[in-house]
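In case you want the letters, here they are:
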Amino acid sequence: MSQQRMAIMDKIRASHRARGIGSSQQAVDARLNARAQNLVPARGRLTGDALRARLEQFAVKSQASIVSVAAPRDVPQAIGAYLTAHHLPGPVRLCGDGFLAAMPWDLIARFNPATGAVQETDGVGVSVALCAIGETGTLMLISGPNAASGLNFLPPAHIIVLRAGDIVGALEDGWACLRQAGNGQMPRTVNLITGPSRTADIAQTMYMGAHGPKHLHVIIVDNHA
Amino acid sequence: MTTSHTVALFVTCLVDLFRPSAAFAAVKLLQDAGCTVSVPQAQTCCGQPAYNSGDKKNASALAAQTIRSLMDYDYVVVPGGSCAAMIKHHYPELLAGDAALAGAARALAGKTHELTQFLHEVMHYKPAVSGGEKITYLDSCSGLRELTIKDQPRAMLGSRIVENQDSETCCGFGGTFCVKYTSVSTAMADKKLDRLAATGAVLVAGGDLGCLMHLAGRAARRDMKLQFRHVAEILAGDDQTPAIAAEEK
Amino acid sequence: MQRHPAAFNANAAEALLDADLQAALGAAEAGFGVKRRKAIQGLPEFEALCDQAAAIKDHVLDHLDVYLQRFEAQVFAAGGMVHWCEDAQQAREVILKICRSVNAKTVTKGKSMVAEEVGLNPFLEAHNIRPIETDLGEYIIQLAEEPPSHIIGPALHKTKDQVSDLFHAHHAPLGFTERQSSGEALVGEARAILRQKYLVADVGVTGANFLIAETGSTVIVTNEGNGDMTQIFPRVHIVIASIEKIVPTLEDAATLLRVLARSATGQEMSVYTTFSTGPKRRGDADGPEQFHVVLLDNGRSAMLGGAQRDMLRCIRCGACMNNCPVYMAAGGHAYGATYMGPMGAVLTPNLEGVKRAQALPFASTFCGKCETVCPVRIPLPKLMRELRSAAHMARLTPARERLWLALWSWVAQRPELYHRLGGAGMRILAMLARGKGRFGWLPLAGGWTGTRDFPAPQGENFMAQWARGEKDTP
């Protein structure tokens, strides 16, 4: 392997010489260490109510639905109401996040909520977002011991629980959350999700639920720890 | 009133050979606008066919010839967008390494203008355009994208203009492309012609003779009612010359 | 259709007679244009972001070897492996080796043009490993045994009816006996079938839109979620990507992501933008046990040193072909190569040689629309012209064309002769036209008169008239 690596590096350097330039470790390290932001568009710099409104507007624009509840204990019933309204069956697979664990799931026992490994037969997956990005109506979810990435994709309906305090303006703010969450270590998977799955591969017409979930529902919890 | 603008007309090979009426119209417009017009005799072709065929050697030779014939004038005016763009944008690039001519190429680029751009933006001249017949304008890609020519002819043609859909999509001429890739070129022409016809206008004005000849020829083959004229002819009030590819009356 | 760039003209002629294809292309052309315009209206900073995106890519190219080193180190640190491949064959063999090391029987695949470039699928099949395309467009063409016709929508050339027929033929043996005609039902059928494949696959192969040097992450962008299903469930995740896909930081990725989806499909963001870094961490609820990045050169390092370097900025958004009237007339298969449209017309001669692929850079009117819409400011017409020049200098262009060109240029450099010949020739032609104003046929002008009438000149040329002072000047 290292022979091919050397050959490729040599060719790259030869090409640089042919153009009269030379690559620089300092220049690269400077950029990597600085992590400077480029232009952040105005719509990524909203705050407060305007930011919240934009997240809601763009989530809906991406064909997701989005609601708010006052407190964590209201989440299970909000899920139950959503599933009933859309005629979506359980079982409901909960990710292992502690935020969900404390909620009264017995209130929607009829939908068979449970943690554990995601099954093919699960009807609904429930995840907790690391943060949400108002600029594009995007939810950021990361993998971990209590967060299976498969949960975001396998069940036909996906519900993302989001703390109101985790709403940020721009992608760049999302990176700040990400770096903080892992103590500088990246998780295996970072999913930036903007709406439910879809395809336009058949005659340029949009159909929902290509492989990932057909339904994406976001529940914002206003008052949380 | 003394005329302060000495203009060299760079006719372009297509206008010179196939449509002198457009050149005479251009001369009239420039004179009416207050210019003194010269037509340097040592001009033939701007070299674009060679340039776009990858023949830099001949393109450079023709560029050198063109530059030498035009460099002494205050302004150079061209009744064609692609040739004007050749001089303005591609000559400096082509001759960047030529110690003798690089500076002259840059200087010439600075004072070369497409006809409608010159009349509208430099001379602020608006000819009185007679007649009420609707006109739709054929934008040429090089004029549009290399020289930002879009508003100027429309401003001068005034309220007679009706816009055609997807006016910024290429008509399929593309110089030698139109005879190298005939089937694609013709398909593109057909799409353009259908959109021109859909405006309800019969008269099509354009600033580039290559596009006009390509479309007029295809329209004639398809027995379409459209009439194609160089924009200079319309602005100069020439309604006697038969339209491009049209029968003499 | 011939799978060779030299056949472009013949392929295009065939394509123009294919009513189904023309209908599909018409629908695509209309859709892409509208979506892109709407999306750009919603982001006033779009042009400035494109300038920054181009600058980021330029910076990376100038320090590519160092960035690749940094990327590799980060992949190692996260527990992954990096494999360096100079050409397609090495890439195929590396991937085969990894698949064999886990006794892989089936491999699910996210959409990857680089995998297409190296011919991965036929190679795996020849070695008894079944590749299963999961992107719906790729799945469709896998069934049809055709190559992709567009880098974002591989089955863009297919009508819904054609997809119905394909699915009916291939899915009936799997128990789907009824022919579906609604798009929704077709998608549902594909979803049901592919669902099983995701969960039993031994290996998942994805491409990468970006490789992040800062973190050692690979980034994919999909709307379906197929790339995600491909890389979460199997034991082994292989990423195949070409070396110029490097992006320095997450911040730089943000800039590029902002212009990518907008340029490609008019979306704010693709539905799923996924960053993958190494295999699963200890204790993770799911994820692959192995993570391999296969880096492919295949001609890029050479491009870096020459006049074609700017092409390496390409982020594979497809905007150029979406806006190209030649592509929209001839379709992607006419190009006879992995990459199509304006970016394919530049990349193919660079990867496959000017001799083989010169027809492609000539198949352009230089209308410039592609350059206008390119989010990383690639001067596509200029690069095509350079390739034309390379073909001309190597005397690869047709001798007849070079002859006429040389003749024209020779005469044009002699103005007096030119004007005299021109004057005489145009007078003769005008006479022959006999007032009809045009010719239905002219010798030596068959390329024109085959489909168009040839406008007759008006008589003696302008320069000769002017010289004789026919019109007074003050």
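Quick caveat: nothing in here was measured; it's all calculated off a predicted structure. (Residues numbered from 1 in each chain as written. Chains lettered and ligands numbered in written order. Predicted model: local features only at pLDDT ≥ 70, side-chain atom pairs only at ≥ 80, totals over all residues.)

(A) The environment of Pro-91 of chain A, seen in detail. Residue and element names in this part refer to chain A. Mapped onto the fold, Pro-91 is located in the loop between α4 (75–85) and β2 (92–94). C-beta crowding within 10 Å serves as the criterion here: with 15 such atoms nearby, Pro-91 is assigned to the partly exposed category. Residues Pro-91 and Gly-123 lie 32 residues apart in sequence; the distance between their C-alpha atoms is 5.2 Å. Among all residues touching Pro-91, those that are not within four sequence positions of it are Phe-111, Asn-112, Ala-114, Thr-121, Asp-122 and Gly-123. (Helix = DSSP H or I, 4+ residues; strand = E, 2+ residues; numbered from the N terminus. Buried ≥ 20, exposed ≤ 12 C-beta atoms within 10 Å, placed from the backbone. Contact = placed C-beta atoms within 7 Å.)

(B) The sheet that holds strand β3 (residues 130–133) of chain C, seen in detail. Residue and element names in this part refer to chain C. Pairing in this open sheet of six strands is parallel, and the strands run β1-β10-β7-β4-β2-β3 from one edge to the other. Two strands in the sheet have a free side with no partner beyond their single neighbour: β1 (81–85) and β3. Shown here is a sheet whose adjacent strand axes are inclined to one another by a mean of 25°, direction ignored. Pairing geometry for strand β4 (residues 203–206) and strand β7 (residues 236–242), over four bridges, is parallel. Bridging from a neighbouring strand, Val-203 pairs with Val-236 of β7. (Pairing = 2+ DSSP bridges. Axes fitted to C-alpha atoms, helices over the stretch in contact; angles between N-to-C directions.)

(C) Quick peek at the domain arrangement of chain B. All names here are of chain B. The domains assigned to chain B are domain 1 (5–120) and domain 2 (129–235). In this structure, domain 1 and domain 2 have C-alpha centres spaced 22 Å apart. Each partner contributes to the interface: domain 1 provides 28 residues, whereas domain 2 provides 22 residues. Of all elements in the fold, only α1 (13–18), α2 (20–32), α3 (48–52), α5 (81–94) and α7 (115–122) reach the threshold of two or more residues within the side of domain 1 that touches domain 2. For the side of domain 1 that touches domain 2, the class distribution of residues is 13 nonpolar, twelve polar and three charged. (Domains from an automatic or database assignment. Nonpolar A, V, L, I, M, F, W, Y, C, P; charged D, E, K, R; others polar.)

(D) View of the interface of chain B and chain C. Taken together, the contact pairs 60 residues of chain B with 53 residues of chain C. A per-element tally of the side of chain B that touches chain C places helix α12 (residues 209–221) of chain B first, with seven residues. When grouped by side-chain class, the residues that make up the side of chain B that touches chain C number 32 nonpolar, 17 polar and eleven charged.

(E) Quick look at the interface of chain A and chain C. Facing the 68 residues of chain A at the interface are 82 residues of chain C. For the side of chain A that touches chain C, the secondary-structure elements that each account for two or more residues are α1 (2–18), α2 (25–34), α6 (171–181), β9 (189–193), β10 (198–202) and β11 (205–208) of chain A. Among the elements that make up the side of chain A that touches chain C, the one with the highest residue count is α1 of chain A (eleven residues). The residue makeup of the side of chain A that touches chain C, split by class, is 30 nonpolar, 27 polar and eleven charged.

(F) Region of interest: helix α5 (residues 88–101) of chain C. All names here are of chain C. Taking 1.5 Å of rise per residue, the 14 residues of α5 would be expected to cover 20 Å, and the 20 Å separating its terminal C-alpha atoms lies within 8% of that figure. When we look at burial in α5, the residues that qualify are Ala-91, Arg-92, Val-94, Ile-95, Ile-98 and Cys-99. The buried residues of α5 all sit within an arc of 165° when viewed along its axis, so they share a single face. Exposed residues lying more than 90 degrees from the buried face of α5 are Lys-97, Arg-100 and Ser-101. On its buried side, α5 packs onto β1, β2 (106–109), α7 (120–126), β4, β7 and β10 (290–296). A positive backbone phi angle near 50° is found at Asn-103, which sits one or two residues after α5. (Expected span 1.5 Å × (residues − 1). Arc of directions from axis to C-beta.)

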